[in-house]
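# Architecture and fold: a report
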Amino acid sequence: MDLDTILHRVEASDIRIVSIVGSGISKASGMPTFRGKDGLWNNYRATDLATPYAFKNDPRLVWEWYRARMRILLDAKPNPAHNALTLLEKEKLSIGIITQNVDGLHEIAGSKEIVEMHGRIRYARCPSCNHYERWDSKEKAEKNSDLPYCPNCSNQIIRPDVVWFGEPLANERWNKAVEWTLNANIVLVIGTSGVVVPVSSLPVFAKERNAIVIEFNIEETPISSISDLSIFGPCEKTLPEFAEKIIKYSRGSND
Ligand code: BV8
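The shown structure was predicted, so the numbers you read here are calculated from the model rather than taken from an experiment.

Cut-offs and rules
- Residues numbered from 1 in each chain as written.
- Predicted model: local features only at pLDDT ≥ 70, side-chain atom pairs only at ≥ 80, totals over all residues.
- Heavy atoms only, no water.
- Phe/Tyr/Trp six-rings, centres within 6.5 Å; stacked < 30°, edge-to-face > 60°.
- Helix = DSSP H or I, 4+ residues; strand = E, 2+ residues; numbered from the N terminus.
- Lys NZ or Arg CZ within 6 Å of the ring centre and 35° of its normal.
- Buried < 20%, exposed > 50% of the residue type's maximum accessible area, 1.4 Å probe, protein only.
- Pairing = 2+ DSSP bridges.
- Domains from an automatic or database assignment.
- Contact = heavy atoms within 4.5 Å.
- Buried area = accessible area lost by both parts, 1.4 Å probe.
- Nonpolar A, V, L, I, M, F, W, Y, C, P; charged D, E, K, R; others polar.
- Core = buried A, V, L, I, M, F, W, Y, C linked by side-chain atoms within 4.5 Å.

Attention now goes to the packing of aromatic side chains. Enumeration over the complete set of coordinates arrives at eight aromatic pairs. Ring geometry for Phe-216 versus Phe-242: centroids 5.4 Å apart, planes at 75°, classification edge-to-face. Residue Phe-216 is found in strand β8 (residues 212-217), and its partner Phe-242 is found in helix α10 (residues 235-252); the two are separated by 26 residues along the sequence. Site record: aromatic cluster; members linked through ring pairs are Phe-55, Trp-63, Trp-65, Tyr-66, Trp-135 and Trp-164. Positioned above the aromatic ring of Tyr-123 is the side chain of Arg-120, whose terminal nitrogen or guanidinium carbon lies 4.0 Å from the ring centre. Directly above the aromatic system of Trp-164 lies the positively charged group of Arg-159, at a separation of 3.8 Å from the ring centroid.

Burial of β8 is extensive: six of the six residues sit out of reach of the surface. Of the two faces of β8, the one lined by Ile-212, Ile-214 and Phe-216 and the one lined by Val-213, Glu-215 and Asn-217 are each fully buried. Sheet topology places strand β7 (residues 186-190) next to β8; five bridges connect them, and they run parallel. Considered in β8, the bridge of Ile-186 is made with Ile-212.

With that settled, consider the domain arrangement of the protein. For the protein, the assigned domains read domain 1 (3-30 + 78-118 + 169-250) and domain 2 (34-75 + 122-162). Here the C-alpha centre of domain 2 lies 28 Å away from the C-alpha centre of domain 1. In this assembly, 12 residues from domain 1 lie in contact with eight residues from domain 2. Carbon and sulfur atoms supply 53% of the area that domain 1 and domain 2 bury against each other, a total of about 730 Å² over both sides. Of all residues in domain 1, the largest losses of buried area upon contact with domain 2 belong to Ser-23, Val-102 and Asp-103, amounting jointly to 39% of the total for that side. Classifying every residue of the side of domain 1 that touches domain 2 by side-chain character gives five nonpolar, five polar and two charged.

In this chain, Val-197 is followed by Pro-198 through a cis amide linkage whose omega measures 0°. With respect to the helices and strands, the residue Pro-198 is situated in the loop between β7 and α9 (202-208).

Before going further, it helps to examine the nonpolar core. With 30 residues, the main nonpolar core has Ile-186, Leu-188, Ile-214 and Leu-239 as its most contacted residues. Of all elements in the fold, only α1 (3-7), β1 (17-21), α5 (80-90), β7, β8, β9 (229-232) and α10 reach the threshold of two or more residues within this core. With seven residues, α10 is the single largest residue contributor to this core. Residue contacts for Leu-188: discarding those within four places in its chain leaves Ile-17, Val-18, Ser-19, Ile-20, Leu-85, Leu-88, Ile-214, Phe-216, Leu-239 and Phe-242.

As structure tokens, then:
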């Protein structure tokens with residue numbers, strides 16, 4: 001089915017988009033993906049490092065990994081794919097962005113309605129007191145093997161404010177993501193391999209509610225089989241083209 005046919009399945013004056021986003025959207029901003037060949041950390045797998053066990057077992061290695069990612073992130077800027085989602089929100093066509101990414105680039109792009117399902121790498125927190133601090137600075141990201149202890153209660157090593165594998169997602173984030181997904185009539189699934197639970201189940205909920213599911217990826221994923229349309233190509237190119245098309249379609253209703 002082509003995009004025009006699909007779009008005509010929703011009222012031009014009643015477009016409610018939710019975007020479910022993964023690391024592929026930030027590739028063009030210089031952020032490596034988790035599972036691609038240029039994966040985040042070639043000699044280790046993210047699932048080996050982004051876990052409470054890895055942090056307990058070797059906090060230095062885990063902090064080395066996060067500092068390395070932060071050094072890349074400090075130079076990263078939103079790309080045309082992030083900006084396309086901000087434009088859809090400005091045009092009042094987007095309910096919100098459900099992102100698995102922890103890089104904060106949607107917020108920097110100017111999007112307001114965002115749920116960061118897996119937390120935020122630009123912040124660190126103490127596991128035992130309520131100390132919370134920004135981590136996205138040159139000095140904090142520089143290569144060093146010191147372990148950052150909590151300046152408040154000092155007996156704990158602070159940790160990135162992210163959700164690790166094996167940790168539950170915050171209820172309020174999950175509830176909001178489900179509410180948005182059930183309220184959408186178009187769900188965009190952008191730059192995600194669709195393997196991480198529970199976010200990967202959201203497109204299935206949408207499909208069950210007869211929402212239109214459109215996938216943006218450079219290759220087939222498990223989401224492709226439930227998508228009404230898979231638009232293959234780099235999303236930094238395909239998403240702005242889609243946004244332009246759907247904005248034109250929505251405006252056609254007011255002409
Ligand atoms: C939970 C934060 C329960 C940290 C992340 C066995 C089977 C099934 C499930 C499990 C299992 N064992 C364990 C689980 C559950 C586990 C899970 O899903 N594991 C996976 C690996 C199977 N999930 C969890 O543990 C979650 N918690 O279930 O809790 C619970 C309940 C009560 C009590 C205790 C526990 C928590 C998951 C969160 C993990 N944290 N990140 C950090 O970032 O440091 S996940 C991490 O993966 C990132 O957030 C990342 O975004 C996310 C998903 O990956 P993708 O975004 O999809 O990235 P990926 O590289 O995979 O894909 C990129 C895609 O982009 C590719 O498709 C590529 O083709 C495409 N692409 C590339 N370039 C472009 C592009 N597309 C378009 N344009 C381009 N230019």
